[in-house]
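What follows is the residue order along each chain.
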Amino acid sequence: MYEPIRSKSVHALAGRGQAPGQDFPHRSREEELDIQLAGHLAALLAVTDELRAVAPSADLADAAERLAGEIARLRGGEPPVRSAVAAAIHEPYPAGLHRRAHALAGRALVVAASRADTAAAILAAERMDAHTAALRDREPAGAAH
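Residues numbered from 1 in each chain as written. Predicted model: local features only at pLDDT ≥ 70, side-chain atom pairs only at ≥ 80, totals over all residues. Heavy atoms only, no water.

**Student:** Before we go on, may I ask you to explain the packing of helix H3 (residues 94–114) against helix H4 (residues 118–138) in this structure?
**Tutor:** Relative placement of two packed helices is described by the angle separating their axes and the distance separating the axes. Interaxial distance between H3 and H4 falls to 8 Å at its minimum, and their mutual angle equals 155°. Judged by the inter-axis angle, H3 sits roughly antiparallel to H4. Our pair here, H3 against H4, has a crossing hand that is left-handed. Contact residues: Pro94, Ala95, His98, Arg99, Ala101, His102, Ala105, Gly106, Ala108, Leu109 and Ala112 in H3; Ala120, Ala121, Ala124, Ala125, Arg127, Met128, His131, Thr132, Ala134, Leu135 and Arg138 in H4. (Axes fitted to C-alpha atoms, helices over the stretch in contact; angles between N-to-C directions. Helix = DSSP H or I, 4+ residues; strand = E, 2+ residues; numbered from the N terminus. Parallel < 35°, antiparallel > 145°, perpendicular 65-115°, else oblique. Left-handed = near helix turned anticlockwise from the far one by under 90°. Contact = heavy atoms within 4.5 Å.)

If you want it as structure tokens, here you go:
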């Protein structure tokens, strides 16, 4: 009723039968976590730069430099690409930017803890605290959650 398949399946894995690792490049779990952590920190840096454009402060400038240093460390010395003119394109209101930054710092903290990167975990936790404090300072008096 059915004719047998005479050619190799297009769904078969390429390089089957070769020694492991020869068919495509593999990364270790640590390398994958480094890439993921650098990505979260780069996103946090972008939001930090947006915040600096909306409400400049010495704390944000220091945080941006520390984030850039951590990203460079995770990327083997390659500094992050940053916009020369940061504009709050996504969220023009500081409160929204602080919420986004807090969420990104939380993601970075989870990955940093997973890979036991103390320096990155401390930086992420400090940024979470800073953005929480900034949001608290912006709340109207007597506002309840």
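After presenting the structure, the write-up continues.
**Student:** What is the right way to look at the confidence of the model for the protein chain in this model?
**Tutor:** Regions with low pLDDT carry predicted coordinates that are not meant to be interpreted in detail. Mean pLDDT for the protein chain: 82, with 72% of residues reaching 70 or above. Within the protein chain, the element-level pLDDT minimum falls on helix H1 (residues 29–54), averaging 92, and the maximum on helix H2 (residues 58–74), averaging 95. (pLDDT = per-residue confidence, 0-100.)

**Student:** Explain the pattern of salt bridges to me, please; I cannot follow it from the model alone.
**Tutor:** Side chains that differ in charge, positive against negative, can pair when their charged atoms come close. Overall, the coordinates contain eleven salt bridges when judged by the stated rule. The salt bridge partner of arginine 127 is aspartate 59, with a shortest N-O separation of 3.5 Å. Here the residue arginine 127 occupies a position in helix H4, and aspartate 59 occupies one in helix H2, the gap between them amounting to 68 residues. Here arginine 127 falls in the buried class, since its relative accessible area comes to 5%. Of the charged contacts in the structure, one is a salt bridge between arginine 73 and aspartate 117, with a shortest N-O distance of 2.6 Å. Remark: aspartate 117 occurs in the loop between H3 and H4 and arginine 73 occurs in helix H2; sequence separation between them is 44 residues. Using a relative accessible area of 42% as the deciding quantity, one classes arginine 73 as partly exposed. Each of Asp34, Glu70, Arg73, Arg115 and Asp117 takes part in one network of salt bridges that share partners. (Salt bridge = Lys/Arg side-chain N within 4 Å of Asp/Glu carboxyl O. Buried < 20%, exposed > 50% of the residue type's maximum accessible area, 1.4 Å probe, protein only.)

**Student:** What's the story with unusual backbone geometry in this structure? I'm lost.
**Tutor:** Glycine aside, residues mostly have negative phi, and peptide bonds are mostly found in the trans state. The phi angle at alanine 116 is positive, at roughly 55°, despite the residue not being glycine. Turning to its location among the elements, alanine 116 is positioned in the loop between H3 and H4. Exposure remark for alanine 116: the relative accessible area of 65% places this residue in the exposed category.

**Student:** Please clarify how the environment of glycine 69 should be interpreted in this entry.
**Tutor:** Within the secondary structure, glycine 69 sits in helix H2. Residue classification places glycine 69 among the partly exposed residues on the basis of a relative accessible area of 40%. In this structure the C-alpha to C-alpha distance between glycine 69 and proline 79, which are ten residues apart in sequence, comes to 7.4 Å.

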